[in-house]
Number of protein chains: 2
Amino acid sequence: MKDAAEPAIPVERALEIVLRETAPLEEERVALPCALGRILSEDIAADADQPPFAKAMMDGFAVRSSDVATVPIQLSVIEEISAGKMPLRSLLQGQAAKIMTGAPLPDGADAVQMVEKTRSPAEDAVVILERVASGANVAPRGRELKRGQKVLSIGELLTPARIGVLASVGRGSVTVRRRPRVTVIPTGDELVDCESAPGPGQIRNSNGPSLLAAARLLRAEVEDGGIVKDDSVALSQSIARGLRSDLLLLSGGVSMGEYDLVEKALEEEGVEIYFRKIAIRPGKPAVFGRKGSCLVFGLPGNPVSSLVIFAVFVASALRKMQGAPEVHPGALSAILAQPVSQRPGRTAYLPGTLRFADASVRIEPLPTTGSADLAAYSRANALYVIPSDRDRLEAGECVRVLPLDSTLR
Amino acid sequence: MKDAAEPAIPVERALEIVLRETAPLEEERVALPCALGRILSEDIAADADQPPFAKAMMDGFAVRSSDVATVPIQLSVIEEISAGKMPLRSLLQGQAAKIMTGAPLPDGADAVQMVEKTRSPAEDAVVILERVASGANVAPRGRELKRGQKVLSIGELLTPARIGVLASVGRGSVTVRRRPRVTVIPTGDELVDCESAPGPGQIRNSNGPSLLAAARLLRAEVEDGGIVKDDSVALSQSIARGLRSDLLLLSGGVSMGEYDLVEKALEEEGVEIYFRKIAIRPGKPAVFGRKGSCLVFGLPGNPVSSLVIFAVFVASALRKMQGAPEVHPGALSAILAQPVSQRPGRTAYLPGTLRFADASVRIEPLPTTGSADLAAYSRANALYVIPSDRDRLEAGECVRVLPLDSTLR
């Protein structure tokens, strides 16, 4: 049972412990169409020069620039080179080749004059109307990339452009860390399913759906463990099943009350508990432990508290599991739009609206009745931080902020 | 065939035309687990007061505050109320009820004293050690929400917290716009599949994989139309199939060359073309049209150009189809970290690194060789904009920026 006197540990220390206990998951190989949003776990090098040949950047005529030092001048057209074809002949003095964008330059040519600056008196002749410098409208071989050059690195997020890069160097599949499996178990005698009408004294389970969505947003494969009543046998059974995941999230049952059975059940199932209380507002009663390779969070039952603990701690663990570089939650800063206050002693994470204007970032605190006010929290796009040793922050101060659901907006 | 003299239209005008021709897709009903990241197409109201009853916010004792005006005072404990249970009796003068967090307050009680500020001399008695004000540690009925109050609005993005709100008001399913179906067709004789070794004059298809990923990131259901050679029959067949989607993306074949067959094939398949050139750098030869309810973009073949046109125009169309509020691409601004220049006449969208520090936003231009330099572009997390009438921007100037892949980071 929780010791009321046990001190709450600072947010920074709790985060250190969570990350210390979090290991990156195993690697797996995925095909490109499945690689979007995953974190690369290998370095990628160019397999060939890019472009692999000197390439026309315009539709026009490949020429020797020395031939067109004086214009207009008529050249004989020896062939036509379209993209995907190789030139059949080298260009000699007085010769030109009709060429299409993306096509390889013939040997001997060192520039392309665009079609708009030419005139074609006959099928096999062209008049070049303007001079063109050596190298003009030509991408030399290897301009973008040299063979063997590193193009992507371990830990990089696979965006659409990077998937294009992988395709361009011939990688139809890549090595990434596998997606974490997350089980969510909301607990409490008072909870009913969201499709049910709550009876007297009951409320609907909102933590289950919101935590499942939060985990999915971070690319987890989620499993809904279902509502578990305040019953130690049922709780132990559900926890035992949930411990087969990479990360188990419980909500509720972690306060000091006699019906707060989660921590005891976790210990009975062999989970080593690292901390039980964080000096955070909201969300103080938050349990963190591990059994084998499964991390376990016992989140508070209040809907806002559970989402705040998710945003600050669980999200960091899920990112590290997938091989993403560690980013401190709250690394961003913003100008506070109005004064805020709190009772000092805990670090507060409160809902606000982040606004960008004129290259500056402002945060507007949102009115809220507290940790049960999910409706107010749902209007926030960020949390702002009041340090534990401050009772008041003034308008215009620079505060730390943690954007919410940035992977959606 | 494209008229070389046809003027390129300004970016703003092109965007207006794209959005004018884009209609929101039909509505569909989805279950909560499928609602993440979708856009709500109905307003949502609270079905009951939240909380539905006056609720204890702490574990402790429900009391009449007038009884504890003088402390310490002993009260008789008449029952124990846990979360999910209703009180059986009203509290009379001199009485208290043991109560758990989340449990309904009994009639007559107006405050909760936390367990730490009490002493229990017997099973049926409690000594209250500190005074407690009326309303303390109690969430009155309806504090967070009143029945009928609007909690979510049409056009709002469904984040994890909003999914929690939906669950809390009994909505196991909601109405959203359906996901757009997008077909991607890369064209060009020079293209080979990314798993193949390019022959002489050939390059790998990178636009297909990157555009498919870009569309998926915006929640589209994508179909890979496969590489199509510069052959008008094959092109027409593929276009005809692609026109069954909500949005058809082709890349390549839109320049002025004789092998640039896309525009002609589109017209033959009955696509009405609205513009053929945009005054943008990179990406000038960009075709936009519509047949029935299918929007069609003919994107340039250069990998960076096609992704820029996607980011500025296609993304806006995909968002509008899903019912999201229109946000101008480039609404964000940042301080330019170093001077940049261009040949005026077109609006440039160039790769950069967006950095946030001390509540301000900076953009650092990335070195790039141009519109074929996908590797450089893949290092960018934003594009910065050089207006068409400017040839140079100085370090320290405030520039418009367009974050890339923000739905991933």
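Note that the structure is predicted; figures quoted are calculated from it, not measured.

Colleague: Sorry if this is basic, but what is going on with the overall build of chain A here?
Modeller: Scanning chain A from N- to C-terminus turns up 7 helices and 28 strands. Computed over its C-alpha atoms, the radius of gyration of chain A comes to 31 Å, more than 25% above the 22 Å expected for a compact globule of 409 residues. In terms of its C-alpha atoms, chain A occupies a principal-axis envelope of roughly 95 × 50 × 40 Å. Among the 409 residues that make up chain A, the fraction classed as buried is 58%. The contacts of chain A with a sequence gap of at least 6 include a subset with a gap of at least 24, amounting to 72%. Entry remark: accessible area of chain A is about 16100 Å², with carbon and sulfur atoms responsible for 49%.

Colleague: Where do I start with the sheet that holds strand 7 (residues 111-114) of chain A in this structure?
Modeller: Backbone hydrogen bonds are what pair the strands of a sheet, in a parallel or an antiparallel way. All names here are of chain A. Ordered in space as 7-4-6-5-9-8, the 6 strands form an open sheet in which the pairing is mixed. Two strands bound the open sheet, and with one partner strand each, they are strand 7 and strand 8 (118-122). With strand direction ignored, the average angle separating the axes of adjacent strands in the sheet is 40°. The pairing of strand 8 with strand 9 (residues 125-128) spans 3 bridges and is antiparallel. Note on strand 9: the bridge partner recorded for Arg 119 is Val 127.

Colleague: Sorry if this is basic, but what is going on with the relation of the copies chain A and chain B here?
Modeller: Both copies of the chain are placed relative to one another by a rotation about an axis and a shift along it. Rotating chain A by 180° and moving it 0.0 Å along the rotation axis overlays it on chain B with an RMSD of 0.1 Å. The relationship between the two copies is best expressed as a two-fold rotation axis. Both copies present the same face, since 100% of the interface residues in chain A are matched by interface residues at the equivalent positions in chain B.

Colleague: Quick question: what am I supposed to make of the interface of chain A and chain B here?
Modeller: Frequently, the measure chosen for interface size is the accessible area that the parts lose on association. Listed by partner, the interface residues are 88 residues for chain A and 89 residues for chain B. Carbon and sulfur atoms make up 61% of the area that chain A and chain B hide from each other, which totals about 7000 Å². One salt bridge connects B:Asp47 with A:Arg204, and the closest N-O pair in it is separated by 2.7 Å. Summed over the shared surface of chain A and chain B, the result is 16 residue pairs in polar contact (both at pLDDT 80 or more). Here the side of chain A that touches chain B takes 8 residues from helix 2 (residues 160-168) of chain A, the largest share from any one element.

Colleague: Can you help me understand the pairing of strand 12 (residues 173-177) of chain B in this one?
Modeller: Both faces of the sheet carry side chains from a regular strand, because those side chains alternate between them. Residues and elements named next belong to chain B. Burial within strand 12 is extensive, with 4 of its 5 residues counted as buried. Both strand 1 (residues 27-31) and strand 12 contribute to a ladder of 5 bridges, which runs antiparallel. Looking across to strand 12, one finds that Arg 29 is bridged to Thr 175.

Colleague: What should I look at first to understand the packing of helix 3 (residues 207-217) of chain A against helix 6 (residues 303-321) of chain A in this one?
Modeller: In a pair of packed helices, the angle between the axes and the distance between the axes together describe the arrangement. All names here are of chain A. Two elements in contact, helix 3 and helix 6, have axes separated by 11 Å at closest approach and are oriented at 25°. In terms of orientation, helix 3 lies roughly parallel with respect to helix 6. In this structure, the crossing between helix 3 and helix 6 has a hand that is right-handed. Between helix 3 and helix 6, the contacting residues are Asn 207, Ser 210, Leu 211, Ala 214 and Ala 215 on the first element and Pro 303, Ser 306, Leu 307, Phe 310 and Leu 318 on the second. Of the residues in the contact of helix 3 with helix 6, the class split is 7 nonpolar, 3 polar and no charged.

Colleague: What should I look at first to understand unusual backbone geometry in this one?
Modeller: Here the residue pair A:Val71 and A:Pro72 is connected by a cis peptide bond, since its omega of -5° sits within 30 degrees of zero. Inspection of the secondary structure assignment puts A:Pro72 in the loop between strand 4 (60-63) and strand 5 (73-81). Phi angles above zero are rare outside glycine, and B:Ala359 is one such case at about 65°. For B:Ala359, the location among the structural elements is in the loop between strand 24 (347-357) and strand 25 (360-365).

Colleague: Mind showing me how you'd approach the sheet that holds strand 18 (residues 272-275) of chain A here?
Modeller: Residues and elements named next belong to chain A. If you walk across this open sheet you meet the 6 strands as 16-13-17-21-20-18, and the pairing is mixed. In this open sheet, the two edge strands, each paired with only one partner strand, are strand 16 (221-224) and strand 18. Pairwise comparison of adjacent strand axes, ignoring direction, gives a mean angle of 20° for this sheet. Pairing between strand 20 (residues 287-291) and strand 21 (residues 294-299): 5 bridges, direction antiparallel.

Colleague: Can you help me understand the pattern of salt bridges in this one?
Modeller: Two side chains with opposite charge may pair up if their charged atoms get near one another. Residues and elements named next belong to chain A. Summed over all chains, the structure comprises 47 salt bridges over all chains. Linking Arg 178 and Glu 26 is a salt bridge whose minimum nitrogen-to-oxygen distance equals 3.1 Å. Residue Arg 178 is found in the loop between strand 12 (173-177) and strand 13 (181-186), and its partner Glu 26 is found in the loop between helix 1 (11-21) and strand 1 (27-31); the two are separated by 152 residues along the sequence. Relative accessible area serves as the criterion here: at 14%, Arg 178 is assigned to the buried category. A salt bridge links Glu 130 to Lys 117; the nearest nitrogen and oxygen atoms lie 3.7 Å apart. Of the two residues, Glu 130 is situated in the loop between strand 9 and strand 10 (138-139) and Lys 117 in the loop between strand 7 and strand 8; the sequence distance between them amounts to 13 residues.

The rules behind each value
Residues numbered from 1 in each chain as written. Chains lettered and ligands numbered in written order. Predicted model: local features only at pLDDT ≥ 70, side-chain atom pairs only at ≥ 80, totals over all residues. Heavy atoms only, no water. Helix = DSSP H or I, 4+ residues; strand = E, 2+ residues; numbered from the N terminus. Rg over C-alpha atoms; globule rule 2.2 N^0.38 Å. Buried < 20%, exposed > 50% of the residue type's maximum accessible area, 1.4 Å probe, protein only. Contact = heavy atoms within 4.5 Å. Areas by Shrake-Rupley, 256 points an atom, 1.4 Å probe, with all protein chains shown as cover. Pairing = 2+ DSSP bridges. Axes fitted to C-alpha atoms, helices over the stretch in contact; angles between N-to-C directions. Least-squares fit on C-alpha atoms with pLDDT ≥ 70 in both. Buried area = accessible area lost by both parts, 1.4 Å probe. Salt bridge = Lys/Arg side-chain N within 4 Å of Asp/Glu carboxyl O. Polar contact = N/O pair within 3.5 Å; in protein donor to acceptor, adjacent residues only side chain to side chain. Parallel < 35°, antiparallel > 145°, perpendicular 65-115°, else oblique. Left-handed = near helix turned anticlockwise from the far one by under 90°. Nonpolar A, V, L, I, M, F, W, Y, C, P; charged D, E, K, R; others polar.

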